[in-house]
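Each chain is listed here by its residues.
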Amino acid sequence: MSFNRSKYVVISFVFTMATLQVGILYYRSHLADAVNVLIPAISALTGLGLLALWWQWRRDTRRSYRIFTQSEQLRQEVNALNKHALVSLADVNCQLVYVNDALLNATGYTEEELIGKPLEFMYFAEDHEQTATQRATAARGETWQGESRVRCKDGSELWTNLTFMPGVNSNGMMCGSISVRTDISDVKRLQADKDVFQALSSVPDEIYIFNTDTLHCKYANNEARKNLPGGNVTPVDALLPEIDPLFQSDVFTDALSRLVESDMDIYRFDIFRDMRKHEAQLKLLARQGGTQDALLIMSDVSHREEAERIKSEFISTVSHELRSPMTSIKGSLGLILAGSGGEIPDQARDILDIAHRNADRLILIINDLLDIEKIAAGKMSFDIGPQDLGTIVDEAIRANECYARGFDVTLLREGASHATVLVDFDRTLQLVNNLVSNAAKVSNPHGKVILRIIEGGDNILLEVQDFGCGIPEELQTMVFEKFAAKQVSSSPTAVGTGLGLAIVKAIAEQQGCTVEFDTKQGIGTTFRVHFPYPSNGKDAQNILVSEQSA
């Protein structure tokens, strides 16, 4: 203001002097000679005024150029800031009043969705404590700096390096806050990838990351790098087939094709290297830049399978060695209880009854162990042929009546009397026996178990329904696993190996059947076995030969 006022004073002075000089020249002939002395003085003052005006103009020009230069530099800095930084302004009430385009593009919000919202709107709930710290720092007139997350519109997180500073007005009073952010999400991802790779390096399985189109290997952990041509010190810059010819095999290429061409998330397969079995898993990773990468994990399971084989052989040997003497003991106890050795005192009979029941229980356990090992080894034989399912059910009821009576449970028969199915009689009877005995164990006292044959639809249905406690929800997915039944049953009198339902599922699947169940806690459980309708006699003979040859 003082600069402009002085300029106007000089201009006014020069204009006044010039006007006065013109007036004196006009009236010169009428004035005294003494007055003529004023003319040179006024001219000199006018000249000095013009000189001062020129000097003022020169200073004004320089100042304008300097202001223009500074303004242009400031404009460029603001443009650079808007291009590379995420900027937002908030008022004294911490309501957003400005957001730049870079922030909108990074978070996916529109300006209308953010303006007027509190600062916390862009933060996750668990980060609100950090927001309070930032506001408290700005309230003290200080600047907060550090890493801070932003909640994007789609709910994802954006990691930023934040400078949070107070905004002040011309009076030096705080009028809000300024947030300047730089996106460090890529840095965070790289750090996360580095941490993941460091963890993968110590995994004993082979792990590769490669491009699905070129098979170029981008990563190999320490175990996988042992197969590189130059050993563990060689940088990973090779094609998978160059690392190991195994990756040229039909098994691997077929597995990769199936994964890429299907909607599967993971594809599992077995592959052999040097006669050693490996379990392999292929998983597609997120597509980046138009390329598709995959993760390959290979586990050498030959040692585990050898240990399983040795364990199975041991169990089978012990079971075989135990079954013969236990069968003999049970038979001898049965003969004694039948009176073949003479009259038995009542007290001795009670003891012999206990021994006889436990011998029978031990034989059942041994038979279950042998059967599950046969199933695991693929050595369980099936003599497939047309059989009457009604006859099998009646036989199972007779075989389990005494057993069920021990739990105060009654076995009932419903549905069709006869239905022809294509099965192995003995194995299917074993299947039904396991379902019935399991149902009796979990039933409540004075309860019942219903065996029901239903014809119609695409197959013949056998239902075994109990009214016991039901299966807990957390155990329903593992009902058919080995030893799962030990956890499913809550009855203190329910004893067994926990292999019965696993054997049921294996026998059903080996005969082309399926087994499922419905359960409600406190109401009971119904197991259903679906038997396909038998085809003509020619097909039945083919199935019989196929199963026998297997």
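Residues numbered from 1 in each chain as written. Predicted model: local features only at pLDDT ≥ 70, side-chain atom pairs only at ≥ 80, totals over all residues. Heavy atoms only, no water.

Comments concerning the overall build of the chain
Of regular secondary structure, the chain possesses 16 helices and 18 strands. Residues counted as buried form 37% of the 550 residues belonging to the chain. Counting only contacts in the chain whose residues sit at least 6 apart along the sequence, the fraction spanning at least 24 positions is 53%. As displayed, the chain offers around 32,300 Å² of accessible surface, 55% of which is attributable to carbon and sulfur atoms. (Helix = DSSP H or I, 4+ residues; strand = E, 2+ residues; numbered from the N terminus. Buried < 20%, exposed > 50% of the residue type's maximum accessible area, 1.4 Å probe, protein only. Contact = heavy atoms within 4.5 Å. Areas by Shrake-Rupley, 256 points an atom, 1.4 Å probe, with all protein chains shown as cover.)

Comments concerning the nonpolar core
Counting residues in hydrophobic clusters, the biggest one holds 48 residues, and the most contacted among them are Leu 389 and Phe 531. The element contributing the most residues to this core is helix H13 (residues 425–442), with seven residues. Each residue touching Phe 531, except ones within four places of it in the same chain, is listed here: Leu 389, Val 421, Val 423, Thr 428, Asn 459, Ile 460, Leu 462 and Cys 513. If you look at the next biggest cluster of nonpolar residues, it comprises 23 residues, including Ala 238, Leu 246, Phe 269 and Leu 282. (Core = buried A, V, L, I, M, F, W, Y, C linked by side-chain atoms within 4.5 Å.)

Digging into the environment of Glu 321
Here Glu 321 lies in helix H10 (residues 302–337). Given a relative accessible area of 58%, Glu 321 falls into the exposed group. Taking the C-alpha atoms as reference, Glu 321 lies 9.9 Å from Ile 366; in sequence the two are 45 residues apart.

Some thoughts on the packing of aromatic side chains
Scanning the model with the defined rule gives nine aromatic pairs in all. Among the aromatic residues, ring-to-ring pairing joins Tyr 208, Phe 210, Phe 247 and Phe 252 into one connected group. Cation over ring: Arg 151 sits above Phe 121, and NZ or CZ is 5.3 Å from the ring centre. (Phe/Tyr/Trp six-rings, centres within 6.5 Å; stacked < 30°, edge-to-face > 60°. Lys NZ or Arg CZ within 6 Å of the ring centre and 35° of its normal.)

Here we look at the packing of H13 against helix H15 (residues 500–510)
Their axes nearest at 9 Å, the elements H13 and H15 cross at an angle of 145°. In the crossing of H13 with H15, the sense of the turn from one axis to the other is left-handed. Taking contact as the criterion, the partners of Arg 427, Gln 430, Leu 431, Asn 434, Leu 435 and Asn 438 in H13 are, on H15, Gly 500, Leu 501, Ile 503, Val 504, Ile 507 and Ala 508. Of the residues assigned to the contact of H13 with H15, the class counts are seven nonpolar, four polar and one charged. (Axes fitted to C-alpha atoms, helices over the stretch in contact; angles between N-to-C directions. Left-handed = near helix turned anticlockwise from the far one by under 90°. Nonpolar A, V, L, I, M, F, W, Y, C, P; charged D, E, K, R; others polar.)

A word on the sheet that holds strand S16 (residues 459–466)
Read across the open sheet, the five strands follow the order S13-S15-S16-S18-S17; overall the sheet is mixed. Bordering the open sheet on either side are strand S13 (409–415) and strand S17 (514–520), each of which pairs with just one other strand. On average, each strand axis in the sheet is inclined to that of its neighbour by 15°, with strand direction left out of account. For S17 and strand S18 (residues 524–532), the ladder comprises seven bridges, and the chain directions are antiparallel. From the neighbouring strand, Phe 517 faces S18, where its bridge partner is Phe 527. With respect to the sheet, helix H12 (residues 389–405) is in contact with S13, strand S15 (447–454), S16 and S18, its orientation differing from that of S13 by roughly 165°. Running over the sheet, H13 touches S13, S15, S16 and S18 and is turned about 25° from S16. (Pairing = 2+ DSSP bridges.)

Side note on the environment of Asp 371
Here Asp 371 is to be found in helix H11 (residues 346–377). Spatially, the C-alpha atoms of Asp 371 and Ile 503 are 7.4 Å apart, while their sequence positions differ by 132 residues. Each residue touching Asp 371, except ones within four places of it in the same chain, is listed here: Met 380, Arg 427, Gln 430 and Ile 503.

Topic: the confidence of the model for the chain
Per-residue pLDDT for the chain averages 78, and the proportion of residues at 70 or more is 75%. Every residue in residues 490–495 is under pLDDT 50, and counting partners more than four places away or in other chains gives seven contacts. Contacts for the low-pLDDT stretch residues 536–550, under 50 throughout, to residues beyond four places or in other chains number 10 contacts. (pLDDT = per-residue confidence, 0-100.)

Some points on a nonpolar patch on the surface
A contiguous nonpolar surface patch, about 270 Å² in accessible area, is contributed by Phe 314, Val 318 and Leu 322. Locating Phe 314 in the fold gives a position in helix H10. Given a relative accessible area of 56%, Phe 314 falls into the exposed group. (Patch = residues over 30% accessible without salt bridge, like charges linked within 9 Å, V, L, I, M, F, W, Y side chains within 5 Å. Salt bridge = Lys/Arg side-chain N within 4 Å of Asp/Glu carboxyl O.)

Topic: the pairing of strand S2 (residues 96–99)
In the sheet, strand S1 (residues 86–91) pairs with S2 via three bridges, with the strands oriented antiparallel. Counted as the bridge partner of Ser 88 is Val 99 from S2.

Comments concerning the sheet that holds strand S9 (residues 266–273)
Strand order in the open sheet made by the six strands is S8-S7-S6-S11-S10-S9, with antiparallel pairing throughout. In this open sheet, the two strands that pair with only one neighbour each are strand S8 (238–239) and S9. Summarising the sheet, strand S10 (residues 276–284) and strand S11 (residues 293–300) pair through seven bridges and their orientation is antiparallel. Across the sheet, the residue bridging to Glu 279 is Ser 299, located in S11. Its contacts with the sheet put helix H9 (residues 250–261) on strand S6 (206–211), S9, S10 and S11, and the angle it makes with S9 is roughly 175°.

A few points about helix H5 (residues 128–139)
Compared with the 16 Å implied by 1.5 Å per residue over 12 residues, the 17 Å span of H5 between its first and last C-alpha is a close match. For H5, every residue scored as buried is listed here: Thr 131, Gln 134, Thr 137 and Ala 138. Down the axis of H5, the buried set is contained in an arc of 125°. They therefore lie on one face. Seen from the open side of H5, the exposed residues pointing more than 90 degrees away from its buried face are Glu 129 and Ala 139. Looking at the buried residues of H5, the elements they touch are strand S3 (144–151), strand S4 (157–168) and strand S5 (174–183). (Expected span 1.5 Å × (residues − 1). Arc of directions from axis to C-beta.)

Here's the deal with the pairing of S17
Only one face of S17 is buried, namely the one carrying Val 515, Phe 517 and Thr 519, since none of Thr 514, Glu 516, Asp 518 and Lys 520 on the opposite face is buried. Where S17 hands over to S18, the hairpin turn is made up of three residues, of which Gly 522 adopts a positive phi near 85°.

As for the environment of His 216
With respect to the helices and strands, the residue His 216 is situated in strand S7 (residues 216–220). In this structure, the C-alpha to C-alpha distance between His 216 and Asp 293, residues 77 residues apart in sequence, is 9.4 Å. Setting aside its immediate chain neighbours within four residues, His 216 contacts Ile 209, Phe 210, Asn 211, Asp 237, Ala 238 and Leu 239.

Some words on the pattern of salt bridges
Applying the stated criterion to the full structure yields 21 salt bridges. For Arg 149, the salt bridge goes to Glu 157, with nearest N and O atoms at 2.8 Å. Its relative accessible area of 13% is what places Arg 149 among the buried residues. Judged by its relative accessible area of 42%, Glu 157 is partly exposed. Through salt bridges with shared partners, a single network forms among Glu 414, Arg 452, Glu 463, Asp 518 and Arg 528.

What to know about unusual backbone geometry
Of note, Asp 274 is a non-glycine position whose phi angle comes to about 55°, a positive value. Within the secondary structure, Asp 274 is located in the loop between S9 and S10.

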